[in-house]
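Now for the letters of each chain:
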Amino acid sequence: MNLPDPLDRHALAELARDVAEQAGRLIVQGRPDRLEVSSKSSRRDIVTEMDQRAQDALCEALAAARPDDAILGEEQGGRPGTSGLTWVLDPIDGTVNYLYGLSPFSVSVAVVEGDPTTWGRWSPLAGAVVIPPVGLTYLATLGGGAMVQDAHGAREVRASSAAELSMALVATGFAYGAELRCVQTRAFVEIIPKVRDIRRTGSAAADLCWVADGRLDGYFEAGLHAWDVAAGQLIATEAGAVLHGLGDEVPNGDLYAMSAPGISADFAALLRSAHRSS
Ligand code: LIP
């Protein structure tokens, strides 16, 4: 398969940014007074009508621009493709925050090669994350660096220079299922005394962008899917952050982590210890 050359990757990142920003405007401006909500894997795992409307808008725009590419979204409406590239979408990452009117919530759009339904079998080529409540758009291309755009312009982003785990500000999240939450809570108890502090923002895509931007020194979570992380992963790694999982395994649903390079070895060791004893 002929992968897009760097120039095309730049065009792919701009397309990801443009469609994500369009979806970001839709979910803010198009939100009805009475938001229809339904549940997925559990009553706590919800999807709103705006999640689906945003994904429908993303799929329509991407199908028009890239008709041979596949689409995999968190909500209904993906499609197969023939190009070997797949657009991986989370139309509203942080749905519960969106429902409650809290920040952050994000629109995450990435294009990957490989199989995004299997951890370790896909890699992102370009991606964008829009965080409407704070007016930030992050984007990156493989090998082309990462940047953030806001009302004041655009700038390159770099992961923090944190070098001491005990002084690192890290973020995490919790699964919808009670059983995995208990495992996460036991790990949390071992981790929190050994870092500066922990934040739980509610959006994995925002967490990864904030590691990229040095606003967090690290992030870890279990139970994620490719659509939660594909774009944020590329933004963070292109900003110099280090992607890691549990031990030698690739990052996956068991544990997904990203951290500033100066703490990544110690952070990975702490996560291994905390999750193996939990
Ligand atoms: C969310 C993730 C977040 C996690 C939440 C939820 P969603 O994704 O971004 O990190 O802690 O439980 O899974 O469901 O809002 O797209």
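In this text, all values refer to a predicted model and were calculated from it rather than measured experimentally.

Caption draft 1: Looking closely at the pairing of strand β5 (residues 106-114). Counting buried residues in β5 gives seven out of nine residues, a clear majority hidden from the surface. Pairing analysis gives seven bridges linking strand β4 (residues 85-93) to β5, with the strands arranged antiparallel. If you follow D93 over to β5, its bridge partner there is S106. In this structure, β5 lies alongside strand β6 (residues 122-131), joined through eight bridges in antiparallel fashion. Residue pairing in the sheet places G114 in a bridge with W122 of β6.

Caption draft 2: Seen up close, the pattern of salt bridges. The full count for this structure, using the stated rule, is eight salt bridges. Of the charged contacts in the structure, one is a salt bridge between R17 and D18, with a shortest N-O distance of 3.0 Å. According to the relative accessible area criterion, D18 is partly exposed, its value standing at 38%. For R155, the salt bridge goes to D213, with nearest N and O atoms at 2.9 Å.

Caption draft 3: Structural view of the sheet that holds strand β8 (residues 145-150). Reading across from one edge, β3-β4-β5-β6-β7-β8-β9 is the order of the seven strands in this open sheet, with mixed pairing throughout. Every other strand in the sheet has two partners, leaving β3 (70-73) and β9 (153-156) as the edge strands with one partner each. Put simply, the sheet's adjacent strands are angled 20° from each other on average, direction ignored. Across six bridges, the pairing between β6 and strand β7 (residues 136-141) is antiparallel. What sits directly across from V129, in β7, is Y138. Lying on the sheet, helix α2 (residues 49-65) is in contact with β3, β4 and β5; it crosses β4 at an angle near 155°. Across the sheet, helix α5 (residues 204-212) lies against β4, β5, β6 and β7, angled at about 95° from β6, the strand it touches most.

Caption draft 4: Main features of α5. Of all nine residues in α5, nine are buried, a share of seventy percent or more. Within two residues after α5, G214 carries a phi angle of roughly 75°, on the positive side.

Caption draft 5: Up close: helix α6 (residues 226-238). An ideal rise of 1.5 Å per residue puts 18 Å on 13 residues; α6 measures up with 17 Å between its terminal C-alpha atoms. Maximal helix bending in α6 amounts to about 30°, located at G232. Most of α6 sits inside the fold, with twelve of its 13 residues counted as buried. Of the residues making up α6, those classed as buried are A226, W227, D228, V229, A230, A231, G232, Q233, L234, I235, A236 and E238.

Conventions and cut-offs
- Each residue is numbered by its place in its chain's sequence as written, counting from 1.
- Reporting in this predicted model follows two pLDDT cut-offs: at least 70 for local features of residues, and 80 or more for side-chain atom pairs to be given and counted; totals over whole chains, interfaces and linings ignore these cut-offs and use all residues.
- Note that the side-chain values use all heavy atoms of the structure and ignore hydrogens as well as water.
- Whether a residue is buried, partly exposed or exposed follows from its accessible area with a 1.4 Å probe, protein chains only, as a fraction of its type maximum: under 20%, in between, or over 50%, in that order.
- Helix and strand definitions follow DSSP, with helices as H or I runs of at least four residues and strands as E runs of at least two, each counted in order from the N terminus.
- Pairing between two strands is assigned when DSSP locates at least 2 bridges connecting them.
- By definition here, a salt bridge exists when the distance from a side-chain nitrogen of Lys or Arg to a carboxyl oxygen of Asp or Glu is within 4 Å.
- For helices, the fitted line uses only the C-alpha atoms of the stretch in contact; every axis is such a line through C-alpha atoms, and the angle between N-to-C directions lies from 0 to 180 degrees.
- Whether two residues are in contact is decided by their heavy atoms, any of which lying within 4.5 Å being enough.
- The length a helix should cover is 1.5 Å for every residue beyond the first.
- Fitting axes to the seven residues that end at a residue and to the seven that start at it, the angle between those axes gives the bend at that residue.

These figures capture arrangement, not role.
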